[in-house]
Amino acid sequence: MIEACGLYFDYSKQPVDQAVADALLALANERDVSGWIARMFAGEHINHTENRAVLHTALRAPRSEALVVDGQNVTDDVHRVLDRMAAFAESVRQGTYRSATGETFTDVVNIGIGGSDLGPRMVNETLIDFTDGPNVHYVANVDGAQLEAVLKMLEPAQTLFIVTSKTFTTLETMANANAARRWLTVALGDNAVAHHFVAVSTHAEEVRRFGISADCTFEFWDWVGGRYSVWSAVGLALMIALGPERFRAWLNGANAMDRHFRTTPLRSNLPVMMALLAVWNRNFLGAATQVVAAYAQKLERFVAWLQQLEMESNGKSVHRDGSALQAHSTPALWGDVGTNGQHAFFQMLHQGSEVHPVDFILPVLGTHPWPEQQRMLVANCLAQSAALMRGKTADEVRQELRGQFEGEALEAAVPHRVFPGNRPSSTLLMPQIDPYHLGALMALYEHRTFVLSILWDINAFDQWGVELGKKLAQTVMKAMDGKPVELDPSTAELLKKASTY
Ligand SMILES: O=P(O)(O)OC[C@H]1O[C@](O)(CO)[C@@H](O)[C@@H]1O
């Protein structure tokens, strides 16, 4: 086990002995994991395909920790924006920042997608017991049904929109932002936009073009990747919900994990060991997927956030130098909260034809008034990992069924009830869900993802794989408008059929 920042990581149910652990650590040394960690924290341009530093860790560093990168003290920049966010969040929460009609804002809508949505939404939902500000809603999908479902609950005169987009050109976000602006101006007139819209972006020019002034813009920087951006001004809606103090406690949890990651020898370094176990399961034992089962209803959106973090970062097929990978990179990551998953896909985990390693995450103390149910939740989490490990032999099944079945009937019944066992899992205990421990948990997985990229020698911080589909969507839309564009026959036929509905 390894314990860090209030998280207790038990990997005793992983198929790893001392020799394997030593070999994995030798691999980490061969890949220069320590050197890469130092390079990331120092602000080197390790995102080489975009020539950018990778400094989400600076977003949660204390004010006193100066870090000069490319001639700029990034800690000063970070705290200047954090202070502006705190002042703004408090003014919305206290009702001193008013709407165009002089009313307080009862509702805030964050419009953003990918990293500009998944992180803040997940943290907001997980820490819902710690929120005491206006109601915060999140709209991501270009499917207008999502925007409509939110807007129909709201009063224009009491609604603040935060348009969150690193690039401020993302199709979905701009479509939703434009629609929200129309909804607002129909009710309150064009002048309301200045009171009701703020922006979070790295692209001041695009924000200005949309009609949001610099005063209402909260910046971040190109050294913050989209899927690592929740700690920046992208968390503004979250800060309005939580208040600046709890937001800081959450940053502190992440900062504690950063310090652990940066300073702890590899053998007892939690993100490093998690990544090594993942490589063991993926590349040596052949696991094609990784399951994450959080035993806490509040963590319902954790896997969605993690999917972008891991699969957008490490879903690559080439090394840093562009040569093809000789081994697989990220497994598909999926899961659901316990105990719900037990009644859905756990059958396959226990008896399916392939092995899928599981990370069990268990906040032990509930934050609800039903202690008996919390006991059941904890018991179920521990029981599932034990069952995966132990399995059940044919002899054990026979013993159990004796008296119920005899002879041929008994033998026919046995194979269906056998569990192979030896199915790997790790269990991560935390005392409870609170801002500090959630911050530490998220930073843990961020660093695990980074270490995996080092072990696979890939760039975890670009995402060229999302570009092609985005471009083709533009072509398809042109075709929908009757413009002469070239579509492959399959897509052209689908479009033809779709146009008949
Ligand atoms: O914040 P933006 O620029 O709107 O981008 C949203 C998301 O789109 C992506 O670029 C691609 O999915 C993500 O990396 C990013 O989080």
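Rules behind the numbers
- Residues numbered from 1 in each chain as written.
- Predicted model: local features only at pLDDT ≥ 70, side-chain atom pairs only at ≥ 80, totals over all residues.
- Heavy atoms only, no water.
- UniProt positions renumbered as here; feature names shortened; annotations may be inferred.
- Salt bridge = Lys/Arg side-chain N within 4 Å of Asp/Glu carboxyl O.
- Helix = DSSP H or I, 4+ residues; strand = E, 2+ residues; numbered from the N terminus.
- Buried < 20%, exposed > 50% of the residue type's maximum accessible area, 1.4 Å probe, protein only.
- Domains from an automatic or database assignment.
- Core = buried A, V, L, I, M, F, W, Y, C linked by side-chain atoms within 4.5 Å.
- Contact = heavy atoms within 4.5 Å.
- Expected span 1.5 Å × (residues − 1).
- Pairing = 2+ DSSP bridges.
- Axes fitted to C-alpha atoms, helices over the stretch in contact; angles between N-to-C directions.
- Polar contact = N/O pair within 3.5 Å; in protein donor to acceptor, adjacent residues only side chain to side chain.

With an unreviewed UniProt entry as reference, the chain is termed Glucose-6-phosphate isomerase, source organism Hydrocarboniphaga effusa AP103. UniProt annotates the chain under Sequence similarities (unreviewed entry) with the comment "Belongs to the GPI family."

K.L.:
Is there a simple way to think about the pattern of salt bridges in this case?
P.N.:
It is possible for side chains of opposite charge to pair when their charged atoms get near one another. In this structure the tally under the stated criterion is 26 salt bridges. As a salt-bridge pair, Asp-132 and Arg-246 come within 3.3 Å of each other at their nearest N and O atoms. Residue Asp-132 is located in the loop between α4 (118–126) and β6 (135–139), and its partner Arg-246 is located in helix α10 (residues 244–263); the two are separated by 114 residues in the primary sequence. For Asp-132, a relative accessible area of 45% corresponds to the partly exposed category. Overall, the relative accessible area of 29% leaves Arg-246 in the partly exposed class.

K.L.:
For this particular structure, what's the right way to read the domain arrangement of the chain?
P.N.:
Quoted interface sizes are often the accessible area lost when the parts come together. Under the domain assignment used here, the chain contains domain 1 (2–30 + 264–390 + 423–456), domain 2 (56–246) and domain 3 (467–498). Relative to domain 3, the C-alpha centre of domain 2 lies at a distance of 33 Å.

K.L.:
Just checking my understanding: could you explain the nonpolar core for this structure?
P.N.:
Considering soluble globular proteins, one finds that nonpolar side chains tend to be buried as a cluster. Trp-223, Trp-250, Phe-302, Ile-361, Met-442 and Tyr-445 are the most contacted members of the largest nonpolar core, which has 134 residues in total. Each of domain 1 (2–30 + 264–390 + 423–456) and domain 2 (56–246) gives at least three residues to this core. Residues within four places of Phe-302 in sequence aside, it is in contact with Met-122, Val-292, Ile-361, Leu-441, Met-442 and Tyr-445. Phe-345, Leu-349, Leu-362 and Val-378 belong to the second largest nonpolar core, which has 13 residues in total.

K.L.:
Explain the environment of Asn-135 here, please?
P.N.:
Mapping Asn-135 onto the fold places it in strand β6. A sequence separation of 317 residues divides Asn-135 from Leu-452, and the C-alpha atoms of the two residues are 37 Å apart. Sequence-distant contacts of Asn-135, defined by excluding residues within four places in its chain, comprise Thr-106, Asp-107 and Val-108.

K.L.:
I tried to follow helix α17 (residues 435–456) on my own but got confused; where do I start?
P.N.:
Since there are 3.6 residues in each turn of an α-helix, residues three or four apart along the chain are aligned in direction. Taking 1.5 Å per residue as the helical rise, α17 with its 22 residues ought to reach 32 Å, and the 32 Å between its terminal C-alpha atoms agrees with that figure. Phi turns positive one or two residues past the end of α17, at Asp-457, with a value near 55°.

K.L.:
Please clarify how the environment of Val-198 should be interpreted in this entry.
P.N.:
One can find Val-198 in strand β8 (residues 197–201). Sequence separation between Val-198 and Gly-114 is 84 residues, and the spatial gap between their C-alpha atoms is 19 Å. If near-sequence neighbours (up to four positions away) are discounted, Val-198 is found in contact with Phe-88, Phe-161, Ile-162, Val-163, Ile-212, Cys-216, Phe-218 and Leu-236.

K.L.:
Just to check I follow, could you spell out the sheet that holds strand β11 (residues 332–334) for this structure?
P.N.:
Each strand in a sheet pairs with its neighbour through backbone hydrogen bonds, running either in the same direction (parallel) or in the opposite one (antiparallel). If you walk across this open sheet you meet the six strands as β1-β2-β13-β12-β10-β11, and the pairing is mixed. A strand with exactly one partner marks an edge of an open sheet, and here the two such strands are β1 (2–4) and β11. Neighbour-to-neighbour, the strand axes of this sheet turn through a mean angle of 15°, independent of strand direction. With six bridges connecting them, strand β12 (residues 358–363) and strand β13 (residues 425–430) associate as parallel partners. The residue of β13 that forms the bridge with Val-358 is Ser-425. Its contacts with the sheet put helix α12 (residues 302–314) on β10 (289–294), β11 and β12, and the angle it makes with β11 is roughly 165°. In the packing of helix α14 (residues 371–390) onto the sheet, contacts are made with β12 and β13, and the angle to β12 comes to roughly 160°.

K.L.:
Would you mind showing me how to read the environment of Gly-225 here?
P.N.:
Relative to the helices and strands, Gly-225 resides in the loop between β9 (217–219) and α9 (236–242). The class for Gly-225 is partly exposed, based on a relative accessible area of 22%. Counting along the chain gives 101 residues from Gly-225 to Gln-326, while the straight-line C-alpha distance between them is 27 Å.

K.L.:
What's the story with the side chain of Asn-459 in this structure? I'm lost.
P.N.:
Positionally, Asn-459 belongs in the loop between α17 and α18 (467–480). Classification of Asn-459 by relative accessible area gives buried; the value is 5%. Here Phe-461 takes part through its backbone nitrogen, which lies 2.9 Å from a polar atom of the side chain of Asn-459. Residues within four places of Asn-459 in sequence aside, it is in contact with Ile-46, Asn-47, His-48, Thr-49, Ser-313, Lys-316 and Arg-320.

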